[in-house]
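# Summary of structural features
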Amino acid sequence: MNNNDFQVLLYYKYVPIEDAEQFAKDELQFCKSIGLRGRILISEEGINGTVSGPKEVTQRYMDHMHAMDKFSDLWFKINEADDFAHKKMFVRYRKEIVALDLDEDLDPTQLSGNHLDPVEFREAMLDEDTVLLDTRNDYEYDLGHFKGAIRPDIHNFRELPEWVRENKEKFMDKKILVYCTGGVRCEKFSGWMIREGIENVAQLNGGIENYGQDEQTRGDLWEGKMYVFDERISVPINHIDPVVVGKDYFDGTPCERYVNCGNPECNKQILASEENQEKYLGGCTHECRVHPRNRYIKAKGWGHDEIVARLAAIGETLPAEV
Ligand SMILES: [Zn+2]
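Computed from a prediction, not measured in an experiment: that's the story for all the values here.

## Section: the overall build of the protein chain
Check the secondary structure of the protein chain and you find 11 helices and 15 strands. Its C-alpha atoms give the protein chain a radius of gyration of 22 Å, within 12% of the compact-globule value 20 Å for 322 residues. Seen along its three principal axes, the alpha-carbon backbone of the protein chain occupies a region of about 65 × 50 × 40 Å. Counting across all 322 residues of the protein chain, residues that qualify as buried make up 52%. In the protein chain, the share of contacts with a sequence separation of at least 24, taken over all contacts with a separation of at least 6, comes to 67%. Taken as a whole, the protein chain presents about 16300 Å² of accessible surface, with 46% of it coming from carbon and sulfur. Averaging the positions of the 40 positive and the 60 negative side-chain charges in the protein chain gives two centres separated by 4 Å.

What follows is the structure, given as structure tokens:
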């Protein structure tokens, strides 16, 4: 079924919000009352959200936001969908709308990199003197990224400033291009880079999401898919010549299927085909496979003998009973 009767909205705005904690409570009530789902973060510095629902519901939400003075120009990036992309509705009050945890915070409305529209960004990427930096996490990069982009070895956005400091020679005195999913991460991060003395920093306006939808770029130079933090997990970006860059965790073959390790204490997100996930009992390591609370084995309903046989097939055995 592909009705496209639903929409997923992605948006943010850095703008001072008074009594943000109360505003978050009121927004939660409103969103629930109209049947919207998703995740919205609200802080004194602004709003950052991704929500989903039937078109009439998302439209009502956009009208509701646009009716407020400070959000009258709020830019919603809209994606068609055939279902909700979220299970529940959360509106949370936070210190920051994207946690960067800088020692000294900064206001991206005062200091931020130049915004380049998709066409300008594409042109800048093709310039040989530029350095392209992906500001997202390693597992997001691994599913898809711009061709030639640097992959920071980070698992959380908060780790990025330290990583850049350690790799500063890659960036000083160069033209830097940064990008992220919808643009919100780069707003503050590009400002931070400038404050660090890396002066020539530009960011992709509206993020990868906007770049993929742009009529002229149509996702050109993007390889793989884009990781998203909702039930869809990934979305296509390149509508010209899509390629797969994700690799199966177990055998390295092309793969775009993210699963969580079956061991609830590990829960590592790995790319794996259905076949390999089954072959390796849903676990990312031997320890995870034989973990007594392996959720994958539980869901499959495999008994002791079947587990032993399946482990034997990959040359492993159950640990000796104590
Ligand atoms: Zn694991």
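## Focus: the pattern of salt bridges
Side chains bearing opposite charge may pair, as long as their charged atoms lie close to each other. The tally for this structure, following the rule as stated, stands at 22 salt bridges. Because the salt bridges share partners, they merge into one network encompassing Glu 45, Glu 96, Asp 105 and Lys 188.

## As for the sheet that holds strand E5 (residues 89-93)
Within the open sheet, the 5 strands sit side by side as E4-E1-E3-E2-E5. Their pairing is mixed. Every other strand in the sheet has two partners, leaving strand E4 (77-81) and E5 as the edge strands with one partner each. On average, each strand axis in the sheet is inclined to that of its neighbour by 10°, with strand direction left out of account. Bridging between strand E2 (residues 37-43) and strand E3 (residues 46-54) involves 7 bridges; their strand directions are antiparallel. Within the sheet, the bridge partner assigned to Arg 39 lies in E3 and is Thr 50. Relative to the sheet, helix H1 (residues 20-34) contacts E2 and E5, its axis offset from that of E5 by approximately 175°.

## A few points about the coordination of the zinc ion
Around the zinc ion, the protein contributes the donor atoms Cys 261 (SG), Cys 266 (SG), Cys 284 (SG) and Cys 288 (SG), which lie 2.3 to 2.4 Å from the metal centre. Around the zinc ion sit 4 donor atoms; with metal-centred angles ranging over 103 to 116°, the donor geometry is tetrahedral. All donor residues of the zinc ion come from one chain, and their arrangement in sequence is C-x4-C-x17-C-x3-C. With a gap of 27 residues between them, Cys 261 in the loop between strand E14 (258-260) and strand E15 (269-271) and Cys 288 in helix H9 (residues 286-289) connect regions that are remote in the sequence. Taken as a pair, Cys 261 and Cys 288 share a single burial class, namely buried.

## Focus: the packing of aromatic side chains
Within this structure, the stated rule accounts for 21 aromatic pairs. For the pair Tyr 11 and Tyr 61, a centre-to-centre distance of 5.9 Å together with 50° between the ring planes defines the contact as tilted. Of this pair, Tyr 11 sits in strand E1 (residues 6-14) while Tyr 61 sits in helix H2 (residues 55-66), placing them 50 residues apart in sequence. What makes Tyr 61 buried here is its relative accessible area of 0%. Judged by centre distance (6.1 Å) and plane angle (80°), the rings of Tyr 179 and Trp 222 are edge-to-face. Of this pair, Tyr 179 sits in strand E9 (residues 175-179) while Trp 222 sits in strand E11 (residues 222-224); the two residues are 43 residues apart in sequence, bridging distant segments of the chain. Looking at Arg 37, its charged tip hangs above the ring of Phe 84, at a distance of 3.7 Å from the centre. The lysine or arginine in question, Lys 77, covers the ring of Trp 75, its NZ or CZ lying 4.8 Å from the ring centre.

## Digging into the nonpolar core
With 26 residues, the main nonpolar core has Leu 133, Trp 163, Val 164, Phe 171, Ile 176, Phe 189 and Met 193 as its most contacted residues. Broken down by element, this core gets its largest block of residues, 5 residues, from helix H6 (residues 184-195). Excluding anything up to four places from it in sequence, Val 164 contacts Leu 133, Phe 171, Phe 189, Trp 192, Met 193 and Ile 198. If you look at the next biggest cluster of nonpolar residues, it comprises 24 residues, including Ile 42, Val 57, Met 65 and Leu 74.

## As for helix H3 (residues 118-126)
By the burial criterion, the buried members of H3 are Pro 118, Phe 121, Ala 124 and Met 125. Projected down its long axis, H3 shows its buried positions confined to an angular sector of 125°, all on one face. Away from the buried face of H3 by more than 90 degrees, exposed residues Glu 123 and Leu 126 are located. The elements touched by buried residues of H3 are strand E6 (114-116), strand E7 (130-134), strand E8 (144-146), E9, strand E10 (201-204) and helix H7 (207-213).

## A few points about the packing of H1 against H2
In contact at an axis separation of 10 Å, H1 and H2 are set at 150° when each is read in the N-to-C sense. Classified by the angle their axes make, H1 and H2 are roughly antiparallel. Once H1 is placed against H2, the crossing between them reads as right-handed. In contact with Glu 27, Phe 30, Cys 31 and Ile 34 of H1, H2 contributes Val 57, Arg 60, Tyr 61, His 64 and Met 65.

Each value, and the rule that gives it
Residues numbered from 1 in each chain as written. Predicted model: local features only at pLDDT ≥ 70, side-chain atom pairs only at ≥ 80, totals over all residues. Heavy atoms only, no water. Helix = DSSP H or I, 4+ residues; strand = E, 2+ residues; numbered from the N terminus. Rg over C-alpha atoms; globule rule 2.2 N^0.38 Å. Buried < 20%, exposed > 50% of the residue type's maximum accessible area, 1.4 Å probe, protein only. Contact = heavy atoms within 4.5 Å. Areas by Shrake-Rupley, 256 points an atom, 1.4 Å probe, with all protein chains shown as cover. Lys, Arg positive; Asp, Glu negative; His and termini not counted. Charge placed at Lys NZ, Arg CZ, Asp CG, Glu CD. Salt bridge = Lys/Arg side-chain N within 4 Å of Asp/Glu carboxyl O. Pairing = 2+ DSSP bridges. Axes fitted to C-alpha atoms, helices over the stretch in contact; angles between N-to-C directions. Donors = N, O, S within 2.8 Å, 3.2 Å for Na, K, Ca; no water. Tetrahedral: all angles 85-135°; square planar, octahedral: opposite > 155°, others 65-115°. Phe/Tyr/Trp six-rings, centres within 6.5 Å; stacked < 30°, edge-to-face > 60°. Lys NZ or Arg CZ within 6 Å of the ring centre and 35° of its normal. Core = buried A, V, L, I, M, F, W, Y, C linked by side-chain atoms within 4.5 Å. Arc of directions from axis to C-beta. Parallel < 35°, antiparallel > 145°, perpendicular 65-115°, else oblique. Left-handed = near helix turned anticlockwise from the far one by under 90°.

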